[in-house]
Amino acid sequence: MGRLRYWLILATTITFSLFGFLFLLATAYEWYFARSNPDYFQSFDYLAFTNFMNRLAIVPSLLLIILLILCLEIRSADLKRSILFSSFTIVVSLVLFYFFGGKTAVGSVVALVSGYQLYLFVKLILSRSIEAGQKLPKAGSLILHTGFSLLILSWVSLNEHPYQLPVFWLATFLSVAGSIFSFFGSWIVKKLKA
Amino acid sequence: MVSFVDYHEAREFLQALAPYFKALMSLYFILFLKGFFSPSNKYLRKVFVFSLLTVAFFFGLLLWFHLKIYNVVYLSAGFLPAPLRLFPPFWIETEKLFFWLFLSQLASLPLFLSRKEGLIEVTKPVSLAFSIFFLVVTIFDPFTNPLPKLHEELSMLEKAANAGLSTTAVGYIINFFYRVKYFYHSTYMWIHPPLLFASYAFFVIAFPLHLKLLINKRFLFEDTIENNAYGLVALGYLFLTLGLLVGYPWALEAWKNEAWWWSPKINVSIMMWLFYTAYLHGRIYRGSKLASYSTYLGVLSFAFLIFTYMATYLLPGVHSYG
């Protein structure tokens with residue numbers, strides 16, 4: 001199981017890095033075309049390029065969401081359930097992707113994941129077997145990843161929807177609060193105990 | 001008759017201080033460099049405290065200059081919805097690097113003042129980073145030509161205010177009024193850039209630590225340098241995430257009818273965030289091979305941070321000010 005965890009984190013790290021390089025490639029592409037056409041950013045070519053990139057970005061986004069579900073095991077769920085849930089999510093996302101397109105697929109999967117994380121969060125809080133020093137970083141990690149899931153939801157599926165900004169601010173709050181507890185949870189508990 | 005004579009005098013006063021500023025910054029460049037090659041805790045602490053006091057003093061002078069602008073630049077006219085008043089932020093034009101240096105010094109205060117044993121391992125590489133930073137600020141100083149673009153705008157405003165009620169003059173004043181409202185005084189302007197500079201402050205201190213880890217090939221579990229580097233990146237990441245996110249509603253508001261999402265500066269900012277995220281994930285397995293990759297990612301992420309900073313001037317697109 002330890003080995004699997006290692007590979008999951010490695011896969012996540014590589015996906016983030018490759019996603020980062022995708023943005024670098026996009027920048028190089030735009031820079032190249034803007035050199036010969038000063039109005040490139042107002043042109044139809046640019047609009048077509050952004051549409052293409054929006055579609056392309058769905059692939060690493062979905063991959064990250066799936067990895068996120070698999071990594072939930074590291075935080076609190078058990079591995080078997082995580083694999084089952086991620087397989088279910090993969091099937092759902094592929095079906096939705098085929099019938100309704102990437103936007104609906106990402107939105108539905110993110111909503112599913114957020115709900116699942118909320119369930120895990122409540123379970124974690126109610127659990128008496130985990131000590132506070134470990135509970136806080138784990139809870140923080142769940143909150144943080146729920147926040148990021150909701151951010152993707154607000155950008156991809158709620159674009160120009162009246163709920164976009166409220167969801168965005170909620171996601172921002174969760175991401176930041178979750179980061180604090182996740183990175184410094186053990187330290188906070190140690191200080192509080194002292 | 002509108003006169004910004006006090007503003008011009010204050011600006012000239014700052015310009016007169018530029019040689020002293022440059023001399024002191026070059027002195028700290030040398031002192032920190034010396035601290036890197038022949039380090040002692042006591043020496044580094046002393047240099048750090050004096051440099052911080054000097055930087056704080058010069059920051060105080062900039063604050064005074066900004067207050068001067070606030071007091072002097074005041075216009076009230078019937079065609080304006082409200083009186084025009086301006087307090088420029090510290091994170092624009094020629095002042096942003098100096099602001100970044102100031103924040104970096106504040107961020108490293110606990111490191112330099114701590115009396116924990118073995119911290120010299122951490123402060124030594126950080127002193128090299130400061131040495132380079134002081135050299136950069138010596139070259140791109142905020143005093144030789146204080147806020148050049150804003151100065152141009154204020155000179156034009158002064159001219160327009162004295163030109164009577166010509167259409168061009170009124171047009172310029174109204175335009176400037178809205179530029180102050182939606183740019184210089186925008187709530188987002190006072191949250192988004194300072195948060196990003198706060199994150200950069202932590203990253204600039206973490207960078208030499210990652211570099212040292214790579215050079216020494218040290219990826220141990222309980223390593224002082226590694227732990228400090230991680231703590232600094234984690235703190236910086238918090239500010240970076242919040243700073244970037246706060247930029248989103250600002251972009252929605254400011255670039256309403258423009259395609260900004262895939263524009264170069266936005267791309268490279270997200271790229272930098274993704275690489276720091278990758279670093280933090282890789283670091284979960286400290287002491288393993290993955291942690292060594294993550295150290296490489298720490299160095300690479302900082303290279304992308306510099307690229308992102310420069311992108312504003314080098315790359316085209318909506319966020320370009322080049």
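Asks: Help me out: how do you make sense of the interface of chain B and chain A in this one?
Replies: How big an interface is tends to be expressed through the accessible area that disappears when the partners come together. With 43 residues of chain B at the contact, the number on the chain A side is 39 residues. Of the roughly 3,600 Å² buried between chain B and chain A, counting both surfaces, carbon and sulfur atoms make up 82%. When the buried area of chain B at its contact with chain A is split by residue, B:Leu245, B:Tyr248 and B:Trp262 rank highest and sum to 21% of it. For the interface between chain B and chain A, the tally reads 0 salt bridges.

Asks: Honestly, the confidence of the model for chain B in this entry has me stumped. Any pointers?
Replies: As a note on interpretation, predicted positions should not be read in detail where pLDDT is low. For chain B, the mean per-residue pLDDT works out to 90, and 97% of the residues sit at or above 70. Two summary scores accompany this predicted model of the complex, namely pTM at 0.92 and ipTM at 0.90.

Asks: What am I meant to see in the environment of A:Ala171 here?
Replies: All names here are of chain A. By the secondary structure assignment, Ala 171 is in helix 6 (residues 164-193). Taking the relative accessible area as the measure of exposure, Ala 171 reaches 0% and is therefore buried. The sequence separation of Ala 171 and Gly 147 amounts to 24 residues, and the corresponding C-alpha distance is 4.2 Å. Those residues within four positions of Ala 171 in sequence are excluded, and the remaining contacts are Gly 147, Leu 150 and Leu 151.

Asks: Help me understand empty space enclosed by the protein, please; the structure alone is not making it clear to me.
Replies: Where empty space is left can be seen by rolling a probe of water-molecule size over the atoms. Residues and elements named next belong to chain B. Applying the stated criterion across every chain, the model contains 1 cavity of 30 Å³ or more. A volume near 50 Å³ is recorded for the largest cavity. Contributing to the lining of the largest cavity are Asn 41, Leu 44, Arg 45, Leu 111, Phe 112, Ser 114, Leu 119, Ile 120 and Thr 123. Ranked by the residues each element gives to the lining of the largest cavity, the list is headed by helix 2 (residues 41-72), at 3 residues.

The rules behind each value
- Residues numbered from 1 in each chain as written.
- Chains lettered and ligands numbered in written order.
- Predicted model: local features only at pLDDT ≥ 70, side-chain atom pairs only at ≥ 80, totals over all residues.
- Heavy atoms only, no water.
- Contact = heavy atoms within 4.5 Å.
- Buried area = accessible area lost by both parts, 1.4 Å probe.
- Salt bridge = Lys/Arg side-chain N within 4 Å of Asp/Glu carboxyl O.
- pLDDT = per-residue confidence, 0-100.
- Helix = DSSP H or I, 4+ residues; strand = E, 2+ residues; numbered from the N terminus.
- Buried < 20%, exposed > 50% of the residue type's maximum accessible area, 1.4 Å probe, protein only.
- 1 Å grid on protein atoms, 1.4 Å probe; cavity = no way out; pocket = protein on both sides within 12 Å on 5 of 7 lines; lining within 4 Å.
- Points joined across faces, edges and corners; volume = space filled by probe spheres on them.

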